[in-house]
Amino acid sequence: MAIKFNKRQLGSYEIKVQKKKHVKIFITVLLILLGIAIAIIALKFVLQKSYSGYQVINTTKREDSTSAKYISYQGGALRYSRDGAMAMDAAGNMLWNGTYQMKDPIVDISEKFVAIADRGYKTVEIFNEQGDVNTVEVLKPIIDVKVANQGVIAVLMEGKETNYIYVYDKEGNELVRNRTVASKDGFPIDIALSGDGRKLVTSYIAINSGEVQSKLTFYNYGKVGQNYEDRTVGAFDCGKTMIANLEFLDNDTVCAFGDDKFSIYSMQEIPKLVHEEKITSEIRSIFFNNQYIGLVLNNPGGEQQYKVLLYDLKGKKVLDKNMNFNYENIYLSGNHIIMYTNLEWVIWDTNGNEILRYTFDKNVSYILPGTSERKFIIINDLKMQEIELEG
C-alpha cells in the first residue's frame, strides 16, 4: 500500500531531506579543506626540510693544477685554464676535452654551448655539447663575450676611439656588426645576450662636463629590429648610476644591476621598464636565476653584518633578512640560496629558513649545484665529490 503525505507532512519531509543534503555538502567541503590543509603542511615540511650533512656518491681524484677554475655546466662541471677546458658530469667522468692557448680566458655558458674568449686578445672558442669546437678570430681586443642557446655569440671589442659589438653564428660566420664612438656614446661596461640570440643589451658610461652619465642600449636582431636604425629599439638614461652588470634572467627579462639601484626590463621585442628600486646601502653581492633576483647589502649600524634581499622577476620583495655569515661565495640554485667559505656551508630556502649549516674539516674550493636540489659537487685541492644532502 502506498504511503501518502499531507501537505504539512510533505513540507516537513522535504526540509529534512534538504538538511541532510546540506550536512553532506558541509562534510564534503570540510574534508576537502582538511585535505588541502594537510597537503600544504606536508609541502611546507618538505620545502623546509633541514639537513645535518651529506653522503658522498662519487669521488674523483683531482689531477689538474690549482690554477684551473671550475664553473657549473649541465649538472656537472667545466674546468678551464690557459691551455684548455674539460667538461665533466657530476661523477667526474669526462664529457669532452678541448685545448687552446690563452692569456686570460673568460667563459660564458648557455645551456649546452660554451664560449671561451681570450680577454684583451682576439680569439674565441665555441664548444657544443659533444666538445666540437669552432674558433673565431675577431678584429679587435676582446672585452667580453656572451653565448646564446644555439651557439650564437656576441663579442664586445675595444678600439682606440671606437668600440665594436659583433655577433657570430656557432660556425664563426659574422651576422651583425655595431660600433659606438667613445666621444659620443661613452665606454662599454657590460653586455647581455638573450637565450635565442636575437636581443642584446649594452651598458655605457660617459663623462660629460665632469659628470658621470650612464645609459643602456637595447638591440633587436630579429624582424622587429629591421625597422630601427642600427637595430637600436630602445635606450634608457641611468643618470650617475654605473650599470656594471647586465643579465637576461629569461629570454624576455633583463636585469640591470647598478651601484645604487637595480632595474628590471621586459623585452619581448621592445624594452619596457617593469620595476626599478633604489638601494641606499652598499651592495656587497648580487645573485640571480630565472625566478629570483638577490642582493646582499652591508648593514652598518645593524645588529647583524648583512641584509639579504630577494625579489621575484616583477620586482616584488619576497625576502628581507639580516645575517652575520661572512660568506665568500653566494648563488641561487632553484629555491635555495647557497653560501659558503672554504670551511663553512650554509643553505637557506627562499623564505630565509636555514636548512643546512655545515663545517668542513678541509678547505673547499668550490661547491657547485648538481643534478637535483639535494645534490652538489664539492671540489677541494685533491678531489671532486658528488654528494647528496641527508637529514
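Refer to the structure presented above.
Below: a short report on this structure. (Residues numbered from 1 in each chain as written. Predicted model: local features only at pLDDT ≥ 70, side-chain atom pairs only at ≥ 80, totals over all residues. Heavy atoms only, no water.)

Section: the overall build of the chain
Alright, step 1. In terms of helices and strands, the chain carries 2 helices and 32 strands.
Alright, step 2. For the chain, the proportion of its 391 residues judged to be buried stands at 47%.
Alright, step 3. Counting only carbon and sulfur atoms, one obtains 50% of the accessible surface of the chain, whose full area is about 21,000 Å². (Helix = DSSP H or I, 4+ residues; strand = E, 2+ residues; numbered from the N terminus. Buried < 20%, exposed > 50% of the residue type's maximum accessible area, 1.4 Å probe, protein only. Areas by Shrake-Rupley, 256 points an atom, 1.4 Å probe, with all protein chains shown as cover.)

Quick word on the side chain of asparagine 299
Alright, step 1. Here asparagine 299 shows up in the loop between strand 23 (292-298) and strand 24 (306-312).
Alright, step 2. Classification of asparagine 299 by relative accessible area gives buried; the value is 17%.
Alright, step 3. A polar side-chain atom of asparagine 299 sits 3.0 Å from the main-chain carbonyl oxygen of glutamine 304.
Alright, step 4. If we skip the residues at most four places from it in the chain, asparagine 299 touches Gln304, Gln305, Tyr306, Lys307 and Asn322. (Polar contact = N/O pair within 3.5 Å; in protein donor to acceptor, adjacent residues only side chain to side chain. Contact = heavy atoms within 4.5 Å.)

A few points about the pairing of strand 26 (residues 329-333)
Regular strands show a simple pattern: their side chains alternate between the two faces of the sheet.
Alright, step 1. Counting buried positions along strand 26 yields 4 of 5 residues, so the element is predominantly enclosed.
Alright, step 2. Pairing analysis gives 5 bridges linking strand 26 to strand 27 (residues 336-340), with the strands arranged antiparallel. Within strand 27, the residue paired with asparagine 329 across the bridge is tyrosine 340.
Alright, step 3. Here strand 26 folds back onto strand 27, and the loop between the two strands holds 2 residues, one of which, glycine 334, carries a positive phi near 60°. (Pairing = 2+ DSSP bridges.)

Some points on the pairing of strand 13 (residues 174-181)
Alright, step 1. Here 7 bridges tie strand 12 (residues 162-168) to strand 13, and the two strands are oriented antiparallel to one another. The partner of tyrosine 164 across the bridge, within strand 13, is arginine 179.
Alright, step 2. Taking the residues between adjacent antiparallel strands as the criterion, strand 12 and strand 13 are bridged by 5 residues, where glycine 172 takes a positive phi near 95°.

Section: the nonpolar core
Alright, step 1. With 26 residues, the main nonpolar core has Trp345, Ile347, Ile367, Phe376, Ile378 and Leu389 as its most contacted residues.
Alright, step 2. Of all the elements in the fold, those that place two or more residues in this core are strand 4 (84-88), strand 27, strand 28 (344-349), strand 29 (354-359), strand 30 (366-369), strand 31 (375-379) and strand 32 (383-390).
Alright, step 3. Counting residues per element, this core draws most heavily on strand 31, which supplies 4 residues.
Alright, step 4. Apart from residues no more than four positions distant in its own chain, isoleucine 347 is found in contact with His336, Ile337, Ile338, Asn353, Glu354, Ile355, Leu356, Phe376 and Leu389. (Core = buried A, V, L, I, M, F, W, Y, C linked by side-chain atoms within 4.5 Å.)

A short note on the pattern of salt bridges
Alright, step 1. Considering all chains together, one arrives at 16 salt bridges under this definition.
Alright, step 2. Lysine 112 is the salt-bridge partner of glutamate 129, the closest N and O atoms lying 3.4 Å from each other. Of the two residues, glutamate 129 sits in the loop between strand 8 (123-127) and strand 9 (133-137) while lysine 112 sits in the loop between strand 6 (105-110) and strand 7 (113-118), which places them 17 residues apart along the sequence.
Alright, step 3. Residues joined in a network through salt bridges with shared partners are Arg62, Asp64 and Arg79. (Salt bridge = Lys/Arg side-chain N within 4 Å of Asp/Glu carboxyl O.)

Here's the deal with the environment of asparagine 353
Alright, step 1. In this structure, asparagine 353 sits in the loop between strand 28 and strand 29.
Alright, step 2. Asparagine 353 sits in the partly exposed class, given a relative accessible area of 28%.
Alright, step 3. Separated by 32 residues in sequence, asparagine 353 and lysine 321 place their C-alpha atoms 9.9 Å apart.

Focus: unusual backbone geometry
Alright, step 1. At glutamate 111, a residue that is not glycine, the phi angle is positive and equals roughly 55°.
Alright, step 2. Structurally, the position occupied by glutamate 111 is in the loop between strand 6 and strand 7.
Alright, step 3. Judged by its relative accessible area of 51%, glutamate 111 falls in the exposed class.
Alright, step 4. The backbone phi angle of arginine 231 is positive, close to 60°, even though this residue is not glycine.
Alright, step 5. As for its placement among the helices and strands, arginine 231 is situated in the loop between strand 16 (211-220) and strand 17 (232-239).

Digging into the sheet that holds strand 30
Alright, step 1. Pairing is antiparallel in the open sheet, where 4 strands are placed in the order 1-32-31-30. Single-partner strands in this sheet number two, and they are strand 1 (53-61) and strand 30. Mean inter-strand twist for the sheet, computed between neighbouring axes without regard to direction, equals 25°. (Axes fitted to C-alpha atoms, helices over the stretch in contact; angles between N-to-C directions.)

No statement about biological role is implied by the geometric values presented.
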